[in-house]
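# Results of the structural survey
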Amino acid sequence: MLVTSAELARTAAARGVGLGAFNVVLLEHGEAFVRAAEATGLPVILQLSQNAVKYHGGKLRPLGSALLELAAESSAQVCVHLDHAESVELCQAAVDMGFSSIMYDGSKLPDAQNRASTAEIAAYAHERGVSVEAELGEVGGKDGVHSATARTNPQEAAQFVADTGVDLLAVAVGSSHAMATREAVLDNALISEIKAAVPVPLVLHGSSGVPDAGMVAAIKAGMTKINVSTHLNVVFTEKVRTVLAGDTAIVDPRKYIGPGTNMVQQEVERLLKLYSLQ
């Protein structure tokens, strides 16, 4: 069933557990994530980023509609979320399509403009029953703009939420986007400070670089929504390479994409269970 990210995140935060959010590049990713949610009995967020939309010819509707259908037909709680959208128009298009959540990323804008744009988008989405995530403070590694040394100020974060009315807030606490190795060390003391100051669930971007023990500690410190993309791409690609190396005569993509997505499903099942530990 289709649910909002705010609903899922509030429930997870109240229980002190994490909420898995995984990026969809191909339809098979969405199918694997939903199967994992159904197998574990845990909720999941399917994330379609602005970059993924660009990869699909700049068209939101084809893959977005498929993800909404996956959510509608699933027995699991599934949120369909637009991730890291810098375009106001794309955010509005996702809301109008029926996405249950959007993330507006105005972090590259001057602070006042970021707040104003985020508040405007939040009002538009909330009028239509859609959750809104936003970002204050830079999260490392994306497009050369962010630094892994960036840190979110708790009081500034609280004021940003008050000014914009967002439902979830992505914060900078030591993670970095697009890490292919799991070596990041998070600032758990800062996570706890932000959690105490901010009245909405917190989001960790760049989670692929965080090892299991570090992620469990971050969730205990107060992190809720856990975004994972690159790590699953590594899992998928390693399996595809192994299959193709083992049989150079394969030409049917189902024979290598299928095993790749099965490995992704297994890893998502493992991560969902890890995040739900209390």
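Just so you know, these numbers come straight off a predicted model, no measurement behind them.

Let us look at the overall build of the chain. Secondary structure summary: the chain contains 11 helices and 8 strands in total. Based on the C-alpha atoms only, the size of the chain along its principal axes is roughly 60 × 40 × 35 Å. Scored against the burial criterion, the 278 residues of the chain give a buried share of 53%. Taking the contacts inside the chain whose residues are at least 6 apart along the sequence as the reference set, 70% of them involve residues at least 24 apart. Of note, the chain has its 21 positive side-chain charges centred 5 Å away from the centre of its 30 negative side-chain charges.

Further remarks concern the sheet that holds strand β5 (residues 131-135). Strand order in the closed barrel formed by 8 strands is β1-β2-β3-β4-β5-β6-β7-β8, with parallel pairing between adjacent strands. Within this sheet the neighbouring strands show an average axis-to-axis angle of 25°, counted without direction. Where strand β4 (residues 101-104) and β5 come together, 4 bridges link them in parallel fashion. The partner of Y104 across the bridge, within β5, is A134.

Now for the environment of E133. Tracing the backbone shows E133 in strand β5. Look at E133 and you get buried, because its relative accessible area is 0%. Here the alpha-carbon distance between E133 and L82, two residues 51 residues apart in the chain, equals 9.5 Å. Apart from residues no more than four positions distant in its own chain, E133 is found in contact with H81, I102, M103, Y104, L168, A170, V203, H205, K225 and N227.

Looking only at helix α7 (residues 154-164), the buried set comprises P154, A157, F160, V161 and T164. Angular distribution of buried residues about the axis of α7 spans 120°; they occupy a single face of the element. Residues Q155 and A162 are exposed on α7 and point more than 90 degrees away from its buried face. Structurally, α7 contributes buried residues whose contacts are with α6 (111-126), β5, β6 (168-170) and α8 (188-197). Among the residues trailing α7, G165 stands out with phi positive, at a value near 75°.

As a further point, take helix α1 (residues 5-15). Inspection of α1 places S5, A6, L8, A9 and A12 among the buried residues, and these make up the whole buried set. The buried residues of α1 occupy one face: seen down the axis, they fall within an arc of 160°. Residues of α1 that are exposed and point over 90 degrees away from its buried face: R10 and A14. One or two positions beyond α1, positive phi appears at G16, with a value near 75°.

The next point concerns the confidence of the model for the chain. Averaged over every residue, the pLDDT of the chain is 92; residues scoring 70 or more account for 92%. Segment residues 139-146: pLDDT under 50, and 26 contacts once partners within four positions in sequence are set aside and those in other chains are kept.

With that settled, consider the environment of S192. Among the secondary structure elements, S192 is positioned in helix α8. Taking the relative accessible area as the measure of exposure, S192 reaches 34% and is therefore partly exposed. Taking the C-alpha atoms as reference points, S192 and K220, separated by 28 residues in sequence, lie 8.8 Å from one another.

Here we take up the side chain of T261. Note on placement: T261 falls in helix α11 (residues 254-275). Note on T261: relative accessible area 6%, which makes it buried. Non-local contacts of T261, meaning those with residues more than four positions away in its chain, are made with E28, A32, R35 and F236.

Attention now goes to the nonpolar core. Formed by 72 residues in total, the largest nonpolar core has its most connected members in F22, F33 and I102. When residues in this core are grouped by element, the largest group, 6 residues, is from α11. If we skip the residues at most four places from it in the chain, F22 touches F33, V44, I45, L46, Q47, V228, L232, V268, L271, L272 and Y275. Counting 12 residues, the second-largest nonpolar core is a separate cluster that includes L8, A12, L168 and A170.

Okay, the pairing of β4 next. Residues S101 and M103 of β4 are buried on one face, and the alternating residues I102 and Y104, pointing to the opposite face, are buried as well. Looking at chain direction, strand β3 (residues 78-85) and β4 are connected through 3 bridges and run parallel. Opposite L82, over in β4, you have I102 as the bridge partner.

Rules used in this analysis
Residues numbered from 1 in each chain as written. Predicted model: local features only at pLDDT ≥ 70, side-chain atom pairs only at ≥ 80, totals over all residues. Heavy atoms only, no water. Helix = DSSP H or I, 4+ residues; strand = E, 2+ residues; numbered from the N terminus. Buried < 20%, exposed > 50% of the residue type's maximum accessible area, 1.4 Å probe, protein only. Contact = heavy atoms within 4.5 Å. Lys, Arg positive; Asp, Glu negative; His and termini not counted. Charge placed at Lys NZ, Arg CZ, Asp CG, Glu CD. Pairing = 2+ DSSP bridges. Axes fitted to C-alpha atoms, helices over the stretch in contact; angles between N-to-C directions. Arc of directions from axis to C-beta. pLDDT = per-residue confidence, 0-100. Core = buried A, V, L, I, M, F, W, Y, C linked by side-chain atoms within 4.5 Å.

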